[in-house]
Amino acid sequence: MLRVALVVITEKGYILAAKRNHNRVFGDYWEFPGGKIEVGETPQQAVIRELHEEFGDRIEVKQPVLPPFTFTYEYATIEFNVFYAKLLTHHYVLTAASSYRWFRPNELKNLNWPPANQKIIEQIVRQL
Ligand SMILES: Nc1nc2c([nH]c(=O)n2[C@H]2C[C@H](O)[C@@H](COP(=O)(O)OP(=O)(O)OP(=O)(O)O)O2)c(=O)[nH]1
């Protein structure tokens, strides 16, 4: 099974979302930063690496947003591991995203996300 790790980065009541590059799966949809967990990596190590690759930034990984869950797309069944996190640096050197924006929790549900994200967003709105 494909395993993915994502971070919900919070700062001053706002949440960071990135817009996926046009040529990627779910191109131009909003995403939480992260990506595939590589062999031998923990989910926490994977998000730290992905944030460095995709943003050039360092993060501190916090508690899980919800327990790991699976979602089946036409191309794969994916296990999602989602954590809250804080940005330790703010370089935003975008490589996999065309833009980023900070949103209030209540604004999140109005954006285009991959379908697996609905459950994550419901949980964020309940918790923040
Ligand atoms: N990064 C990210 N991926 C998501 C989210 N929601 C969601 O369903 N996905 C899916 C899309 C992909 O099938 C998978 C993660 O892929 P990815 O394309 O971000 O992973 P990656 O950067 O490691 O890989 P790649 O694009 O270099 O192939 O998870 C999300 O919020 N963020």
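Cut-offs used in this document
- Residues numbered from 1 in each chain as written.
- Predicted model: local features only at pLDDT ≥ 70, side-chain atom pairs only at ≥ 80, totals over all residues.
- Heavy atoms only, no water.
- Phe/Tyr/Trp six-rings, centres within 6.5 Å; stacked < 30°, edge-to-face > 60°.
- Buried < 20%, exposed > 50% of the residue type's maximum accessible area, 1.4 Å probe, protein only.
- Helix = DSSP H or I, 4+ residues; strand = E, 2+ residues; numbered from the N terminus.
- Expected span 1.5 Å × (residues − 1).
- Near = heavy atom within 4 Å.
- Polar contact = N/O pair within 3.5 Å; in protein donor to acceptor, adjacent residues only side chain to side chain.
- Areas by Shrake-Rupley, 256 points an atom, 1.4 Å probe, with all protein chains shown as cover.
- UniProt positions renumbered as here; feature names shortened; annotations may be inferred.
- Core = buried A, V, L, I, M, F, W, Y, C linked by side-chain atoms within 4.5 Å.
- Contact = heavy atoms within 4.5 Å.
- pLDDT = per-residue confidence, 0-100.

Structural notes on the packing of aromatic side chains
(1) Moving on: What the rule picks out here adds up to eight aromatic pairs.
(2) Moving on: Plain terms: the ring middles of Phe71 and Tyr73 are 4.9 Å apart, the flat faces sit at 50° to each other, and that makes the pair tilted.
(3) Moving on: When its relative accessible area of 26% is taken as the criterion, Phe71 is described as partly exposed.
(4) Moving on: Residue Tyr73 is classed as buried on the basis of its relative accessible area, which comes to 11%.

Quick word on helix H1 (residues 43-55)
(1) Moving on: With 13 residues, H1 ought to run about 18 Å at 1.5 Å a step, and its terminal C-alpha atoms sit 18 Å apart, in line with that.
(2) Moving on: Looking at H1, one finds that the buried residues are Pro43, Ala46, Val47, Arg49, Glu50, Leu51, Glu54 and Phe55.
(3) Moving on: One or two steps after H1, the chain reaches Gly56, where phi turns positive at roughly 70°.

Quick look at the site of the ligand
(1) Moving on: Inspection of the region around the ligand gives 18 residues, with Phe32, Lys36, Tyr73, Tyr75 and Asn117 positioned closest.
(2) Moving on: Within the side chain of Tyr73, one N or O atom sits 2.6 Å away from an oxygen atom of the ligand.
(3) Moving on: If the ligand stood free it would expose 610 Å²; the protein chains cover 82% of that surface.
(4) Moving on: Where the shell around the ligand is concerned, the elements lending two or more residues are strand S1 (2-11), strand S4 (34-36), H1 and strand S7 (77-87).

Digging into the UniProt feature "domain: Nudix hydrolase" (unreviewed entry) in the protein chain
(1) Moving on: The sites that carry the UniProt feature "domain: Nudix hydrolase" (unreviewed entry) are, in the present numbering, residues 1-125.
(2) Moving on: Between the C-alpha atoms that bound residues 1-125 there is a distance of 28 Å. The span itself is 18% helix and 40% strand.

Focus on the nonpolar core
(1) Moving on: Core analysis: the biggest nonpolar cluster contains 24 residues, and Val8, Phe32, Phe80, Val82, Ile120 and Ile124 have the highest contact counts within it.
(2) Moving on: Of all the secondary-structure elements, those providing two or more residues to this core are S1, strand S2 (14-20), S7 and helix H2 (117-127).
(3) Moving on: Among the elements that line this core, the one with the most residues is S7, at four residues.
(4) Moving on: Ile120 has contacts with Leu6, Val8, Phe32, Val65, Phe69 and Val82, leaving out every residue within four places of it along the chain.
(5) Moving on: The next biggest cluster of nonpolar side chains, apart from the first, holds 16 residues, and it includes Ala18, Ile59, Ala85 and Tyr92.

What to know about the environment of His52
(1) Moving on: With respect to the helices and strands, His52 occurs in helix H1.
(2) Moving on: Among the residues examined, His52 registers a relative accessible area of 53% and is labelled exposed.
(3) Moving on: Sequence separation between His52 and Gly34 is 18 residues, and the spatial gap between their C-alpha atoms is 9.8 Å.

Digging into the confidence of the model for the protein chain
(1) Moving on: Confidence along the protein chain averages 98 in pLDDT terms, with 100% of residues attaining 70 or more.
(2) Moving on: Across the whole predicted complex the pTM is 0.96, and at the interface the ipTM reaches 0.96.

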